[in-house]
Amino acid sequence: MSDVKAGIEPGEVGELMYDLVGDLYPICRSITGNGVRETLRKVSDHIPLKAHEVPTGTQVFDWTVPREWNIRDAYVKDSDGIKVIDFKKSSLHILNYSTPVRKHLSLAELREHLFTLPNHPDWIPYKTSYYQERWGFCLSHNQLRKLREDSYEVVVDSSLDAGYLTYGECLLTGRSSDEVLISCHVCHPSLCNDNLSGIALCTFLAKHLRGRELRYSYRFIFIPGTIGAITWLALNEENVNRIKHGLVVANVGDSGRMHYKKSRRGDAEIDRAAVHALKYSGNPYDVIDFSPYGYDERQFCSPGFDLPMGSLTRTPWGRYPEYHTSADDLSLVQPKYLADSFKTYLSVLDILENSRCYLNQNPKCEPQLGKRGLYRQMGGHAESKEAELALLWVLNLSDGNHSLLDIAERAGLSFGLIDGAARRLYEAGLLRECEGESRGKFAVPQVTTKPVNGK
Amino acid sequence: MSDVKAGIEPGEVGELMYDLVGDLYPICRSITGNGVRETLRKVSDHIPLKAHEVPTGTQVFDWTVPREWNIRDAYVKDSDGIKVIDFKKSSLHILNYSTPVRKHLSLAELREHLFTLPNHPDWIPYKTSYYQERWGFCLSHNQLRKLREDSYEVVVDSSLDAGYLTYGECLLTGRSSDEVLISCHVCHPSLCNDNLSGIALCTFLAKHLRGRELRYSYRFIFIPGTIGAITWLALNEENVNRIKHGLVVANVGDSGRMHYKKSRRGDAEIDRAAVHALKYSGNPYDVIDFSPYGYDERQFCSPGFDLPMGSLTRTPWGRYPEYHTSADDLSLVQPKYLADSFKTYLSVLDILENSRCYLNQNPKCEPQLGKRGLYRQMGGHAESKEAELALLWVLNLSDGNHSLLDIAERAGLSFGLIDGAARRLYEAGLLRECEGESRGKFAVPQVTTKPVNGK
Amino acid sequence: MSDVKAGIEPGEVGELMYDLVGDLYPICRSITGNGVRETLRKVSDHIPLKAHEVPTGTQVFDWTVPREWNIRDAYVKDSDGIKVIDFKKSSLHILNYSTPVRKHLSLAELREHLFTLPNHPDWIPYKTSYYQERWGFCLSHNQLRKLREDSYEVVVDSSLDAGYLTYGECLLTGRSSDEVLISCHVCHPSLCNDNLSGIALCTFLAKHLRGRELRYSYRFIFIPGTIGAITWLALNEENVNRIKHGLVVANVGDSGRMHYKKSRRGDAEIDRAAVHALKYSGNPYDVIDFSPYGYDERQFCSPGFDLPMGSLTRTPWGRYPEYHTSADDLSLVQPKYLADSFKTYLSVLDILENSRCYLNQNPKCEPQLGKRGLYRQMGGHAESKEAELALLWVLNLSDGNHSLLDIAERAGLSFGLIDGAARRLYEAGLLRECEGESRGKFAVPQVTTKPVNGK
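In short, a report on the structure. Everything numeric here is computed off the predicted structure, so don't read it as measured data. (Residues numbered from 1 in each chain as written. Chains lettered and ligands numbered in written order. Predicted model: local features only at pLDDT ≥ 70, side-chain atom pairs only at ≥ 80, totals over all residues. Heavy atoms only, no water.)

## Looking at helix α12 (residues 415-427) of chain B
All names here are of chain B.
- The end-to-end C-alpha distance of α12 is 18 Å, a good match for the 18 Å that 13 residues give at a rise of 1.5 Å each.
- Elements in contact with the buried residues of α12: α7 (269-279), α9 (335-354), β17 (357-360), α10 (386-397), α11 (404-411) and β19 (431-433).
- Immediately downstream of α12, the backbone of glycine 429 shows phi near 80 degrees, a positive value. (Helix = DSSP H or I, 4+ residues; strand = E, 2+ residues; numbered from the N terminus. Expected span 1.5 Å × (residues − 1). Contact = heavy atoms within 4.5 Å.)

Here it is, written out as structure tokens:
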């Protein structure tokens, strides 16, 4: 049986994840362009990552892959030659996907292109304009207030040309070709929780699982939000039926409690596994029903796919004030929270890996556990015995209709306790795996990837 | 799509309903007789109403249409020639269905035929004796206390002869021959909330719907309680399968909150539509489970029919002190409550009319709403957007398995918001109606009425 | 229809049960041996009981019937010849199933064989060692503290030889060969609540039912815990499909509230009947979900049998401090609690006996109850009428899909009220029994018992 949790040192993994967040922080990412490429290159220092390049103009369902956007520099300079807004200081200063511009404007003209957050006067907002051509700058409200009447030189040295949409993919092959899909978005510029934390978690989760004997195959995808998910689904449409479980990763570095947002199905195994893992995590948590808004579960759970994918985050999007502002920086995310998220993900995957269905080989009455060393030898006064109770629950419900997760839920015991009991009973010959659950079933999977433009 | 709510002016409709209640108040109705005929004649000033006359002795399931009861006068006169009880002052003074009598009695003999409410000494009770031949008078307890020892002349100038049971029917033909049945009872004498308010609501609901393009056909029946419902069902037995939804109307004029009593099925579409409408009405309300007691839902929901019919009232029968007493008068019922009930009924019917099932024409991933003008153009900081959320919910759940009401329930959004989103998506070509839901399906309905004795 | 509750005088039955508890108290029982035989002999003074003797070495599923244990005497004597521990004073003093021994030991050597309850220094614990050969004594902690350094003579005059496992069975034949199985354990020595109270309840329940006209056949089994249940199931494997309902009886004499522990199925008719009976008992109660721990429901509800059997007790095992100690004596159990338990059992059986399925013979609209004398004759002001409501509920739901228990649950009325209404309607010809429910179906049952070694 898989033990995906073995060998973890949470302290260390948290620091490693945090270091990767720090490495990726300065890069200006968008839904296309070199920022994504550089990000994937840094990730590929840790795990084998296949980059895919999808040409501008490719039709993906109702959408078209847009032109590739790159930016070299952008600033607003006053008549004294001082840069009052400078992209080099923060990738957030530029309205993401701004068209190139070079002109002189009065303050009034300039203001129509400026975005601030009056309620958070020190923070720079994060804004995009992917599907309407325009240019603009984001700045703190205090910066805006200091701008005087003047003639300003505005420069956006960007390009918006035919090119590619880039995404990365890392496949870990398990005994089964059935897949767990784990997805994060890579299109946000200098924002740490949303979603450098997600990139770091996927990277180190893949790195950790790579060394394990796995039941499922695991596919990690690093994709631009929305258009990237739509592109990936369009290119992989015929293979999505291999996806048995999935998670969308984001916001895993802040101090908030864990939140699990259910799949559209609401009662998929991933939903039950995630809720169970959170319930026994020892920490407070929240479970949220599916809604067709949020991250790329919008696409994975669209009615034509309806994949069993939920989203496991700390504080969800939009519910922390720093969301989509410059305050989502390296101080908002902490190694200990990254490590805790990592551990939680592993405990969910541990359930998926091990929640098999067994058949009690002595279904009529209890087997005599004592003679097999599985039971205390002397009856009498009551005493606490959760481990014995777990043995009895596994025996009682291993009738071919209950997985170990089913049993854990009904028994009100942790999956770990039930799984441990099943291992002991299996070793004692009291259980066998249900038909179709044995290892023999799993041939070496013939997974074919479909690189569009391999790097 | 139907818009049954268009053009309503609640202020006006409340006054019109109240005027009709006032017109009908003096009439002495019973389960048969001229009171019902006069009532239906006044209703027919507002809507096309077909009166049916069913002869005494007609077998209707386990029951027999009784002899027709009519009353011209009734009084108790003391030895001074003063009428101490006088039917002409209130139709409630006579025990309904009293046999004719003309005799002199002592006070003691008379008392055996008198009914009062000691706990409400100023009120006259409403009493009937349909299936046991007797006579009696109802009076206030204070009136009774004033009666002295005397020889009283008792006159009940009534008749109980072979005749007819009368009921009225108004059919509004929609695109479908599937029917919504709306029923009220017309057998109570001078009682306003129970049930002149129900008669007025049915009248003005029919009048309002008459001018609309309707999905369903609507059948309004004005029937005597119990025996009238049984008679109607017996005569229409082969056509009840056309009834897809229904409501029993009563007590819709008092100041109490709305109550919906579910159908026997408990989860019929009418049950869900009514509960949804109340939930989003902005007013407090109560939902009551079915029980085989109350109004004519007892018959419509008997196991041999089990029609999907609930009952939508304000304060239910028996739960207000004035119930079945002379205090259920023109002061208990108010135009504003009648209007509010009318509005609530329309909002339920609006759901029935519009809760269709659609198919998302771009089921794989979200369609690009922005290019269709259905979405704000610039991403970024979170903002409230219920209308966009409604669009996404309709797209996400329009998979052929969810009606708009299903979607509204799951989304936790009002039906109006979901219906509005569906209209916009439909117009944008992103939805089409599910098979069997298109207008083409609905031939002109061949409804045949079965008048027993047309008037 | 059965009336299993007729003729009960709870005061008397409580005293009779208590007397039987007192009679059985001094006997040293175990899972085999003469203690069980003597117990069954005393029970057979009250009811016809068939004793079964199953030879040592008989294979019963995963288990083997053990050697028979008998004990004549056991003591520990100090050097002054004083018996400091004496089996003759309490059967609890001997570790149950102790092997024979005769030796002299120092206090230190002796202590390894002594068991006490330091937290309850006056109580003797109850301990067993069925499947590991050893000997030992149980004593109060205060007794232990008084033992001084000395050379102690230890005598256990027991035998552990090939013999039999003994159990008793009492079958009451009803109209149907479908059975209700009622089981109690008879292996505990001088412990009153656990489980002399259970033996007494089974005895007097069987005695009471014996005089009744019964729908079901009732099988009472008096068996050693665990190995007795396993043995009974192994020997009766092919007949367990006759068991339609069952209860495991224990702890029915203490002052605690009633507890019902559900069957593994959780929604079996016995579960619903027991919960309904408790709900309308007028006393506080608790309902517990199934768990594969406790009494012999562990065996009856093992996955290979999954019998619809729950357990109805007062305070469950292990939840009262006196459990499995000498304090579970004749003062813990009281006649009034025994009588209350008896009454509760009867009310559960009354539901099983009478919860039939009927068909309304006038399913279209209500039948006219008035002309059959089932209804008050005069309509009008509201009044309380639970009995009429019960008539209407039975008529409304007697559609072939609802048993009387189903109807009682949905109506929120007591089973007694619903059953009474059904009897009145049945007598009036308004109901008939559903197919397969009539008496004619039940041939005289051909029950064959399988005595192993009849006594």
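## Quick word on the interface of chain A and chain C
- The partner chain C presents 34 residues to the 27 residues of chain A that form the contact.
- Approximately 2,600 Å² of surface area, both sides summed, lies buried where chain A meets chain C, with 52% of it carried by carbon and sulfur atoms.
- Along the contact surface separating chain A from chain C lie five salt bridges.
- In this structure, aspartate 62 of chain C and lysine 371 of chain A form a salt bridge, with 3.6 Å as the shortest nitrogen-oxygen distance.
- The interface formed by chain A and chain C holds 14 residue pairs in polar contact (both at pLDDT 80 or more) in total.
- Ranked by the residues each element gives to the side of chain A that touches chain C, the list is headed by helix α10 (residues 386-397) of chain A, at six residues.
- Grouping the constituent residues of the side of chain A that touches chain C by class yields 11 nonpolar, eight polar and eight charged. (Buried area = accessible area lost by both parts, 1.4 Å probe. Salt bridge = Lys/Arg side-chain N within 4 Å of Asp/Glu carboxyl O. Polar contact = N/O pair within 3.5 Å; in protein donor to acceptor, adjacent residues only side chain to side chain. Nonpolar A, V, L, I, M, F, W, Y, C, P; charged D, E, K, R; others polar.)

## Some remarks on the interface of chain B and chain A
- Facing 28 residues of chain B, the contacting portion of chain A comprises 34 residues.
- Roughly 2,600 Å² of surface becomes buried between chain B and chain A when both sides are summed, with 52% attributable to carbon and sulfur atoms.
- In this assembly, chain B and chain A are joined by five salt bridges.
- With a shortest N-O distance of 2.7 Å, arginine 372 of chain B and aspartate 62 of chain A are connected by a salt bridge.
- Viewed at the interface, chain A and chain B are joined by 14 residue pairs in polar contact (both at pLDDT 80 or more).
- When contributions to the side of chain B that touches chain A are tallied by element, the ones reaching two or more residues are α10 and β18 (399-403) of chain B.
- When residues of the side of chain B that touches chain A are assigned to their parent elements, the largest contribution, six residues, is made by α10 of chain B.
- Per-class residue counts for the side of chain B that touches chain A are 11 nonpolar, nine polar and eight charged.

## A short note on unusual backbone geometry
- The step from aspartate 194 of chain B to asparagine 195 of chain B runs through a cis peptide bond, and the omega angle for that step is 20 degrees.
- Tracing the backbone shows asparagine 195 of chain B in helix α5 (residues 192-210).
- The phi torsion at cysteine 365 of chain B lies on the positive side, around 65 degrees, for a residue other than glycine.
- Classification of cysteine 365 of chain B by relative accessible area gives buried; the value is 1%.
- Phi is positive for threonine 226 of chain C, close to 60 degrees, though the residue is something other than glycine.
- Mapped onto the elements of the fold, threonine 226 of chain C is located in the loop between β12 (217-223) and α6 (227-235).
- Taking relative accessible area as the criterion, threonine 226 of chain C reaches 29% and is therefore assigned partly exposed. (Buried < 20%, exposed > 50% of the residue type's maximum accessible area, 1.4 Å probe, protein only.)

## Quick word on the relation of the copies chain B and chain A
- Screw-axis analysis of chain B against chain A gives a translation of 0.0 Å along the axis, an RMSD of 0.0 Å, and a rotation angle of 120 degrees. Seen this way, the second copy is the image of the first under a three-fold rotation axis. Across chain B, the smallest distance between a C-alpha and the rotation axis is recorded for aspartate 267 of chain B, namely 13 Å. (Least-squares fit on C-alpha atoms with pLDDT ≥ 70 in both.)

## Quick look at the environment of leucine 40 of chain A
Residue and element names in this part refer to chain A.
- Within the element layout of this structure, leucine 40 appears in helix α2 (residues 34-43).
- On the accessibility criterion, leucine 40 (2% relative accessible area) is buried.
- In this structure, the C-alpha to C-alpha distance between leucine 40 and alanine 51, residues 11 residues apart in sequence, is 7.4 Å.
- Beyond its immediate chain neighbours, meaning those up to four positions away, leucine 40 contacts Leu49, Ala51, Thr166, Tyr167, Gly168 and Phe222.

## Observations concerning the pairing of strand β10 (residues 164-172) of chain A
All names here are of chain A.
- Counting buried positions over the nine residues of β10 gives seven, a clear majority of the element.
- Strand direction decides the pairing type here: strand β1 (residues 50-55) and β10, joined by six bridges, are antiparallel. If you follow histidine 52 over to β10, its bridge partner there is tyrosine 167.
- Of the strand pairs in this sheet, β10 and strand β12 (residues 217-223) are connected by five bridges, and their pairing is antiparallel. Paired with glycine 168 across the strands is phenylalanine 222, a residue of β12. (Pairing = 2+ DSSP bridges.)

## Some remarks on a negative patch on the surface
- Taken together, the side chains of Glu15, Asp19, Asp23 and Asp45 of chain A present a region of like negative charge at the surface.
- Position of glutamate 15 of chain A among the secondary structure elements: in helix α1 (residues 10-24). (Patch = residues over 30% accessible without salt bridge, like charges linked within 9 Å, V, L, I, M, F, W, Y side chains within 5 Å. Areas by Shrake-Rupley, 256 points an atom, 1.4 Å probe, with all protein chains shown as cover. Lys, Arg positive; Asp, Glu negative; His and termini not counted. Charge placed at Lys NZ, Arg CZ, Asp CG, Glu CD.)

## Examining the sheet that holds strand β4 (residues 68-77) of chain C
All names here are of chain C.
- Strands sit in the order β5-β4-β9-β6 across an open sheet of four strands; the sheet is antiparallel. Across the chains shown, the open sheet's two edge strands, defined by having one partner strand only, are β5 (83-86) and β6 (101-106). Taken pair by pair, the neighbouring strands of this sheet meet at an average axis angle of 20 degrees, ignoring direction.
- Of the strand pairs in this sheet, β4 and strand β9 (residues 151-161) are connected by nine bridges, and their pairing is antiparallel. Paired with lysine 77 across the bridge in β9 is glutamate 153. (Axes fitted to C-alpha atoms, helices over the stretch in contact; angles between N-to-C directions.)

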